[in-house]
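Fold and geometry: a report
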Amino acid sequence: AQKVTQAQTEISVVEKEDVTLDCVYETRDTTYYLFWYKQPPSGELVFLIRRNSFDEQNEISGRYSWNFQKSTSSFNFTITASQVVDSAVYFCALSEAGFGNEKLTFGTGTRLTIIP
Amino acid sequence: DSGVTQTPKHLITATGQRVTLRCSPRSGDLSVYWYQQSLDQGLQFLIQYYNGEERAKGNILERFSAQQFPDLHSELNLSSLELGDSALYFCASSVGQGQTNNEQFFGPGTRLTVL
């Protein structure tokens, strides 16, 4: 069975600080996909990134970066120079490969508050 | 805007009633997923349809059912509603083709309140 753990329930940082959100996953599959979604106060779920299990390169998109480490089953998300607009709940998710396995298994989310 | 639309945005009803939630996927997407977000259960997968056919089922109650129509829109039917069914219901869509799991784009959700 697949599982995603986001141990940090809530994080608060002062604006312009860097912050890292942790994500640890469990799966028996060798091929799988990892995702991050953002849920701002307005409630919608916004897709941020998708990564497959064969691509361990770190990714950077503006102030956002992701560190994927298969050895520790982690897919951590770092926001550099945080801004108030980054305040949201962030979800890490996993899906296993194969027909009918596309469903997302979500972690419990990390509520990030950026203090101005 | 993800391109996925859901109606209604809010729904308030009484226990024992039946409601229908509607979802239109992004143009070109063949897969539709339904998820439930509640305080105690978090975000849970309910069911997936691909091009009109059921493709995967999660922890969906027997009182709940869904379908995907030829125009690819989907409806989630919830019946004999209980207080515990109060939640945010999301629809998501993805291309759903090929060998890779494409990213899913979520609609704005329908907030269901059962009184």
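Being a predicted model, the structure only gives us computed values, none of them experimental.

With that settled, consider the pattern of salt bridges. Oppositely charged side chains can pair when the atoms bearing their charge come close. Within the structure shown, the criterion is met by nine salt bridges over all chains. With a closest N to O distance of 2.8 Å, A:Glu59 and A:Arg51 form a salt bridge. Residue classification places A:Glu59 among the partly exposed residues on the basis of a relative accessible area of 31%. A relative accessible area of 6% means that A:Arg51 is categorised as buried. B:Arg55 is the salt-bridge partner of A:Glu102, the closest N and O atoms lying 2.6 Å from each other. On the criterion of chain membership, the pair formed by A:Glu102 in the loop between strand S10 (88-96) and strand S11 (105-106) and B:Arg55 in strand S6 (residues 53-57) is interchain, its members lying in two chains. Take B:Arg55: its relative accessible area is 13%, and that puts it in the buried class.

Moving on to the packing of aromatic side chains. Tallied over the full model, the rule gives 21 aromatic pairs over all chains. A ring pair is formed by A:Tyr37 and B:Phe106, whose centres lie 5.2 Å apart and whose planes are at 80°; its orientation type is edge-to-face. In this pair, A:Tyr37 is assigned in strand S5 (residues 32-39) and B:Phe106 in strand S10 (residues 105-106), connecting two distinct chains. Grouping residues by exposure puts A:Tyr37 and B:Phe106 together as buried. Ring pairing ties together the aromatic residues A:Phe35, A:Tyr37, A:Phe47, A:Phe91, A:Phe106, B:Tyr33, B:Tyr35, B:Phe45, B:Phe90, B:Phe105 and B:Phe106, which thus form one cluster.

Here we come to the interface of chain A and chain B. Counting residues at the interface gives 21 residues for chain A, matched by 19 residues for chain B. Here chain A packs against chain B, burying approximately 1,700 Å² in sum over the two surfaces, 57% of which is carbon and sulfur. One can count two salt bridges joining chain A with chain B. On inspection of chain A and its partner chain B, the count reaches five residue pairs in polar contact (both at pLDDT 80 or more). Of all the secondary structure elements, the ones that give two or more residues to the side of chain A that touches chain B are S5, strand S6 (46-52) and S10 of chain A. The biggest single contributor to the side of chain A that touches chain B is S5(A), with four residues.

Conventions used here
Residues numbered from 1 in each chain as written. Chains lettered and ligands numbered in written order. Predicted model: local features only at pLDDT ≥ 70, side-chain atom pairs only at ≥ 80, totals over all residues. Heavy atoms only, no water. Salt bridge = Lys/Arg side-chain N within 4 Å of Asp/Glu carboxyl O. Buried < 20%, exposed > 50% of the residue type's maximum accessible area, 1.4 Å probe, protein only. Helix = DSSP H or I, 4+ residues; strand = E, 2+ residues; numbered from the N terminus. Phe/Tyr/Trp six-rings, centres within 6.5 Å; stacked < 30°, edge-to-face > 60°. Contact = heavy atoms within 4.5 Å. Buried area = accessible area lost by both parts, 1.4 Å probe. Polar contact = N/O pair within 3.5 Å; in protein donor to acceptor, adjacent residues only side chain to side chain.

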